Amino acid sequence: MNSTATKKPALVEKEDISKLSFPKDEVLKDADKQKELKAALDKAMKLGNAYKGKVKIVFEDSEGVKAVETTIWGITDKNILLKQTTIIPIRRVLEIKF
C-alpha cells in the first residue's frame, strides 16, 4: 500500500471506470496485504448492501493511481461490482477507505 503514500489518487467518477484500462498484474504483492484487502472488501460490501454506505476505493489503472467514492454492491473472486455493471478488478485495488 506504499503507492498511495507517495501519490495522491486522481478522483474519478464511477461512470468513467468502464473507459479505463487495467493491466493484468497484481498491485499488492504481499499476501498479508491481499488478505487485509479481502477483509476490507467484505466489510465494504456489507456496508453498501445494508446501509447504502459509500467507501473510497483506491486503485491503479494503466495511467496511475485513481480513487472512486461509491457503494460496493458485490464482490467475486476477481472483481468488485458497482452499480450499472461497473467492474474494478481486485488485483488492481490498493486499499479501501471507510
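Keep in mind that what you see is a predicted model, and the values were worked out from it rather than measured.

Q: Could you clarify how one ought to interpret the overall build of the chain in this entry?
A: Helix and strand content of the chain: 2 helices and 7 strands. Traced from its N-terminal end to its C-terminal end, the chain shows the element sequence α-β-α-β-β-β-β-β-β. What you see for the chain is a C-alpha radius of gyration of 12 Å, in line with the 13 Å of a compact globule of 98 residues. Taken along its principal axes, the extent of the C-alpha atoms in the chain is 35 × 30 × 25 Å. When burial is assessed residue by residue, the chain has 41% of its 98 residues classed as buried. Of all intrachain contacts in the chain linking residues separated by at least 6 positions in sequence, the fraction that spans at least 24 positions is 64%. Accessible surface computed for the chain: about 6000 Å², of which carbon and sulfur atoms make up 50%. Side chains of the chain carry 20 positive and 15 negative charges; the gap between the two charge centres is 3 Å.

Q: I'm lost on the sheet that holds strand S5 (residues 79–81) in this one. Help?
A: Strand order in the open sheet made by the 3 strands is S4-S5-S6, with antiparallel pairing throughout. Because the sheet does not close on itself, it has two edges, and the strands there are strand S4 (74–75) and strand S6 (87–89). Sheet topology places S5 next to S6; 3 bridges connect them, and they run antiparallel. Of the residues in S6, the one forming a bridge with Leu 81 is Ile 87.

Q: Would you explain the nonpolar core in this entry?
A: A general feature of soluble globular proteins is that nonpolar side chains tend to end up buried together. Core analysis: the largest hydrophobic core is formed by 24 residues, its most contacted members being Ile 57, Phe 59, Ile 72, Ile 80, Ile 88 and Ile 96. Breaking this core down by element, the ones donating at least two residues are helix H2 (31–51), strand S2 (55–60), strand S3 (65–70) and strand S7 (93–97).

Q: Even after reading the chapter, I still don't get the sheet that holds S7, so can you show me in this structure?
A: Backbone hydrogen bonds hold the strands of a sheet together, and the pairing may be parallel or antiparallel. Within the open sheet, the 4 strands sit side by side as S1-S3-S2-S7. Their pairing is mixed. Of all strands in the sheet, those bounded by a partner on one side alone are strand S1 (10–11) and S7. Sheet topology note: the S2/S3 ladder contains 6 bridges and is antiparallel. Across the sheet, the residue bridging to Ile 57 is Val 68, located in S3. In the packing of H2 onto the sheet, the strands contacted are S2 and S7, and the crossing angle to S7 comes to about 45°.

Criteria and thresholds
Residues numbered from 1 in each chain as written. Predicted model: local features only at pLDDT ≥ 70, side-chain atom pairs only at ≥ 80, totals over all residues. Heavy atoms only, no water. Helix = DSSP H or I, 4+ residues; strand = E, 2+ residues; numbered from the N terminus. Rg over C-alpha atoms; globule rule 2.2 N^0.38 Å. Buried < 20%, exposed > 50% of the residue type's maximum accessible area, 1.4 Å probe, protein only. Contact = heavy atoms within 4.5 Å. Areas by Shrake-Rupley, 256 points an atom, 1.4 Å probe, with all protein chains shown as cover. Lys, Arg positive; Asp, Glu negative; His and termini not counted. Charge placed at Lys NZ, Arg CZ, Asp CG, Glu CD. Pairing = 2+ DSSP bridges. Core = buried A, V, L, I, M, F, W, Y, C linked by side-chain atoms within 4.5 Å. Axes fitted to C-alpha atoms, helices over the stretch in contact; angles between N-to-C directions.

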